[in-house]
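# What the coordinates show
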Amino acid sequence: MIKKAAPWIFVLLVAGWLASKMMPEKPAPQGFNFVEFGKLPVLVGGRVMPMDSVARISLSLMNHHGAYEPVPHKPVPPVAWLVNVMMRPEEADQARVFEIVNPELLDLLGGSDRQDKLFAFNLFSFNEFKPFLSEIEKQAQAAEQTDAQTRNAFQREIIKLRNALLLYLRLKNSLQPEGSPDFKEEIDAFAQAVPTGMQAIQDRDAGKPFDQAAFERILQFTQRYQNLAQARYVYAFPDPAAPDATGRWQHVGEALLGTIRTRRVEPAVGFYATLISAYRQGDAAGFNAAVSNYQNYLRRTVPGELNRPDLEAWFNHAAPFLQAMVLYVLVFICAVLSWLFWPRTLARVAGWLLLLAFVLHTGGLITRMYLQGRPPVTNLYSSAIFVGWGAVLLCLFLERIYRNGIGNVCAATAGFVTLLIAYNLQLDGDTLEMLRAVLDTNVWLATHVVVVALGYSSTFLAGLLGVIYVIRRLFVRSFTPELSRSLGRMIYGIVCFATLFSLVGTILGGIWADQSWGRFWGWDPKENGALLIVLWNAIILHARWGGYVKERGIALMAVFGNIITSLSWFGTNMLGVGLHSYGFMDQAFNVLIGFIAGQLVLIGIGLLPVASRGPKRPVAPLEQAGQLTK
Amino acid sequence: MIRIKTLFRPLASLKLTIICLACAMVLVFVGTLDQVHIGIYEAQNRYFKSFALFLPIPGTRFAVPWFPGGYVVGGVLLLNLIAAHLARFKFSWKKLGIVVLHAGLILMLVGQLITSIFQVESQMRLDEGERKNFSESPYFDELAITDKSQPDRDRIISIPDSDLRKGRTIQVPGTDFKVVVNDFYPNSALVNPGRLPSPAYPHLKLGPMAVAVQIPKTYKQDERNVATAAVTLLDKDQPAGSWSVSSGFPQPVNFQVGGKPFQIALQPQRYYQPFSLQLLKFRHDRYAGTDIAKNFSSQVRLVDPARKEDRELSIYMNHPLRYAGLTFYQAGYDNNDRTTILQVVQNPGRLVPYISCGLLVAGLLLQFGMHLFRFARKMQGASASAS
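Residues numbered from 1 in each chain as written. Chains lettered and ligands numbered in written order. Predicted model: local features only at pLDDT ≥ 70, side-chain atom pairs only at ≥ 80, totals over all residues. Heavy atoms only, no water.

### Looking at helix α14 (residues 284-301) of chain A
All names here are of chain A. Along its 18 residues, α14 runs 26 Å from first to last C-alpha, staying within 8% of the 26 Å computed at 1.5 Å per residue. Residues of α14 that are buried: A284, F287, A290, V291, Y294, Q295, Y297 and L298. Buried residues in α14, looked at end-on, bunch into an arc of 160°, giving them a common side. In α14, the exposed residues that point more than 90 degrees away from the buried face are A285 and R300. Those residues of α14 that are buried lie in contact with α2 (34-38), β1 (41-44), α4 (78-87), β7 (237-238) and α13 (267-280). (Helix = DSSP H or I, 4+ residues; strand = E, 2+ residues; numbered from the N terminus. Expected span 1.5 Å × (residues − 1). Buried < 20%, exposed > 50% of the residue type's maximum accessible area, 1.4 Å probe, protein only. Arc of directions from axis to C-beta. Contact = heavy atoms within 4.5 Å.)

Structure below.
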């Protein structure tokens, strides 16, 4: 009885643990309600996102971890750090959030003096940069003179650092001009200065006597707020009266200057001012009340802009892809162990956990599609998530057909690796970024891009099966001719799918290219990459049909397909030419080289003869060239 | 008879197919990598629209072919495909998918050949308000001689830049003129004469404020080669004048022969059309609060006197104008969003890829679909017998 129930209990425990991690966050009973603040909508990079996303994206641009950990293993919620930056900058300036990995850059910034700081000596606070700001700017400007493709590591890093510092300065000036001692008092004074000041200006223009003091006061205010225009990044202030969505969100400078026109303080400015004053005075109750009042105001005035940021804030917290990664690891362990002990029980556990992981993976994918209002693949990050999803889906079918655990192992590996890739790509900035004009067509994104991504999925899956073939072949005793044959059949089937998807996807890409810039085929690197996959899959199929390769050969060729696909997927982005390039990725380049080397080693191992035990199985008669049997 | 067979068998072999596909992979791979150095256009010419890849022998002007180019690989693959079908495939419903698929492939290869031979790409740059009845080549220049003696229309005779080589004499078609090319720079920089390293530094004088000096050819995607030529015009073998002209220096040179006014200019090669386009308004939309382009669109007026057309229309991303066998695409912008750049493509084989793609996809679906169906039946049978 217990033996039968054990797998169920285990799966339920895992599910319960997941649910507890993904439940909406509850704020601390006393103290500032950062959770609700994190949901407040703002416009950044052309889209409305919650404050929570602003915090996470900014941190990931500053230290490539997307986190602030003042004490080891005690991360501060990103949004709590953001509140400090926006409202108590003097304190945020001491937070060591900037990470420097380049040793030359570290030297430039006095890195050798920092050896005493044992914990993360390469993390800097804004204050620690202060003596170097002009040097950093000088070096960054010099580095920008060089072509983006030919910059060295130091030049790229210094530009990145300069941009991160600029971003930090902009964040500090998002809700108030940095260094305002009490923003609420300031805008009260400004509101009072406007009528008399405007009168003074009118009088002066009319050549009448005017109030000199009032004139100068309003001039000072105007200049102060106009200077804020340089810091435009977060557009936090909604203008419910705006005619269309383009002008609905204002930067603090615009919102304040609007007062001169309308003669009244924008309500949103008032709410944020109360919020800032309460926070600076340590008044948690006042802060929480102001957040809640502001939310009510937003619900009344711009109700359409709230759903997605709300959902996105939860999505950030729940991190379904991260949870799915954990599950994929569990699936892998269970599935591999099932080849050694309790085959039935463990296989069942692996199957259920895999289903759970797939549900999370799918849910995350759909949520992202809703948030962005786009088909699933819009950038490299989302392609990683989707390629993994497609591979897992194919594996579910494989496992259903063959029921030998191989599908589960492949699903776990493909799911985990692609989500790991996505996790690392995510730290390059906003993953839900707006699409550039060329890509702005849902029809082609939904067809060409999706099908090509499925082509990657299936080619990788065939390669993964090839890897399993090579590894299991090393364990001669369990590597039966039946296993070899069924792996060979699986790889062949998946290669057929891969050929179909990659060919159709490539063709759809050609049609898109013909529709949008008049050439069906332009020999662009990304197009060529897709073509290489098609050609390689075609070679595998023809070699098999001709009888030139059998199970082992097709497995090794499929492993080589991994190299082709990785080059097509990531390598082409590293070339830095063509219409499809998204930018250079250094670390990724080394990883790619390592991956390719690893695959070549596996192929080498696969080519080695293995001492076989027992009688050789009879060689099947060669299939007729060009004939499709099986 | 035996001879034909011995020739035919290797041509139809599956091994040859695999060798061709492998060669194609090498070609595509190397051709893609080299784009970093020589740009997409030059890479196309060297790797894909060529018969062989050449390796120059250092110190000499000769180069040895070391690998088949795109035409050879594609051509052999085409022959191989056709031969294989003739030799091996007998029609059966089971193989319908394969036949359709390969027919699509053959059509696609032929279509690519048609495209690479006949496709003409050019660009039309229009400032707001400007009207043009020609587009210009982004790569090639021409030496244009314009007869301005007719009051209502100009007669233009042009010589492509590929004919311009130092020391050559070219008969201008349809006239008594001959052009002697005294000097020719395939790429040049226009500088102020005062900035020459020394007065003796080789240069061609274009005007009082501009001289051209030769620089290496560029292959960068966003740069164009600026050709400069020094020419002498002979009228019935008598010198009529000598000038330096450059495609980077827009002013044509005026001269007279026998009392008739003429102009000569080196300019981007032009493609004249019987209709004109006028840019009314260019729009460049950005996402709120960013510099990320959301859309580019050109509001244009199309005037075609022959067909009595005079209408307004807009060209934007993924929404080109197709007219008179040409397609106009929104390609770029310039001049603070006041100039539009339209890509103009003429491709008589435009529909071939569509048909061949349809065949390919249909063949693949048919073949793998049948496979899957048979496989599923087999598995069902297996599981039924197991239980």
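### Looking at helix α16 (residues 320-338) of chain A
Under the 1.5 Å per step criterion, the end-to-end length of α16(A) is 26 Å for 19 residues, consistent within 8% with the ideal 27 Å. Those residues of α16(A) that fall on the buried side of the exposure criterion are P320(A), F321(A), Q323(A), A324(A), M325(A), L327(A), Y328(A), V331(A), C334(A), A335(A) and S338(A).

### Let's talk about the interface of chain A and chain B
Taken together, the contact between chain A and chain B spans 62 residues of the former and 58 residues of the latter. Inspection of the region where chain A meets chain B yields one salt bridge. Here D514(A) ties to R350(B) by a salt bridge, and the two come within 2.8 Å at their closest N and O atoms. At the boundary of chain A with chain B, the tally comes to eight residue pairs in polar contact (both at pLDDT 80 or more). (Salt bridge = Lys/Arg side-chain N within 4 Å of Asp/Glu carboxyl O. Polar contact = N/O pair within 3.5 Å; in protein donor to acceptor, adjacent residues only side chain to side chain.)

### So, the nonpolar core
Residue and element names in this part refer to chain A. Of all hydrophobic cores here, the largest spans 134 residues; its most connected members are L461, L465 and L487. Leave out the neighbours within four places in its chain, and L461 touches A391, L394, C395, L398, C410 and I494. Core analysis: the second largest hydrophobic core is formed by 79 residues, A55, L175, I260 and A290 among them. (Core = buried A, V, L, I, M, F, W, Y, C linked by side-chain atoms within 4.5 Å.)

### Focus: the pattern of salt bridges
Residue and element names in this part refer to chain A. One pass over the structure, following the stated rule, counts 32 salt bridges over all chains. Linking E135 and K138 is a salt bridge whose minimum nitrogen-to-oxygen distance equals 3.7 Å. Taken together, the residues E135 and K138, both in helix α8 (residues 133-144) and three residues apart, mark about one turn of the helix. A relative accessible area of 52% places K138 in the exposed class. Residues joined by salt bridges that share partners form a network here, namely R47, E312 and D430.

### Thoughts on the confidence of the model for chain A
All names here are of chain A. With 93% of its residues at a pLDDT of 70 or more, chain A shows a mean pLDDT of 86. Scored below 50 in pLDDT, residues 577-584 shows 18 contacts in the model against residues more than four places distant or in partner chains. The low-confidence segment residues 613-630 (pLDDT under 50) makes 31 contacts with residues lying over four places distant or belonging to another chain. (pLDDT = per-residue confidence, 0-100.)

### Some remarks on the side chain of T327(B)
All names here are of chain B. Among the structural elements, T327 can be located in strand β18 (residues 326-334). A relative accessible area of 4% places T327 in the buried class. Reaching out from T327, the side chain makes a polar contact with the side chain of R322 at a distance of 3.4 Å. Contact partners of T327, with chain neighbours within four places excluded, come to P320, L321, R322, Q343, V344, V345 and R350.

### Some points on the state of the cysteines
Tallied over the entire structure, the rule returns zero disulfides over all chains. Not engaged in a disulfide, the cysteine C496(A) finds its nearest cysteine sulfur in C395(A); these two sulfurs lie 16 Å apart. You can see C357(B) has no disulfide; the closest cysteine sulfur is in C496(A), sitting 20 Å from it. Judged by relative accessible area, C357(B) falls into the buried class, the value being 3%. (Disulfide = S-S within 2.5 Å.)

### Looking at a nonpolar patch on the surface
Together, V329(A), F332(A), I333(A), L337(A), L340(A), F341(A) and W342(A) make up a nonpolar patch on the protein surface, roughly 700 Å² of accessible area in all. The topology assignment puts F341(A) in the loop between α16 and α17 (343-372). (Patch = residues over 30% accessible without salt bridge, like charges linked within 9 Å, V, L, I, M, F, W, Y side chains within 5 Å. Areas by Shrake-Rupley, 256 points an atom, 1.4 Å probe, with all protein chains shown as cover.)

### Side note on the sheet that holds strand β9 (residues 204-207) of chain B
Sheets are built from strands that pair by backbone hydrogen bonding, the pairs being arranged parallel or antiparallel. Residue and element names in this part refer to chain B. Pairing is antiparallel across the open sheet formed by three strands, whose spatial order is β8-β10-β9. Where the open sheet ends on each side, the last strands, each with one partner, are β8 (188-191) and β9. Adjacent strand axes in the sheet meet at a mean angle of 30° when their direction is disregarded. Across three bridges, β9 lies against strand β10 (residues 210-214) in antiparallel orientation. Along β10, the bridge assignment pairs K205 with V211. (Pairing = 2+ DSSP bridges. Axes fitted to C-alpha atoms, helices over the stretch in contact; angles between N-to-C directions.)

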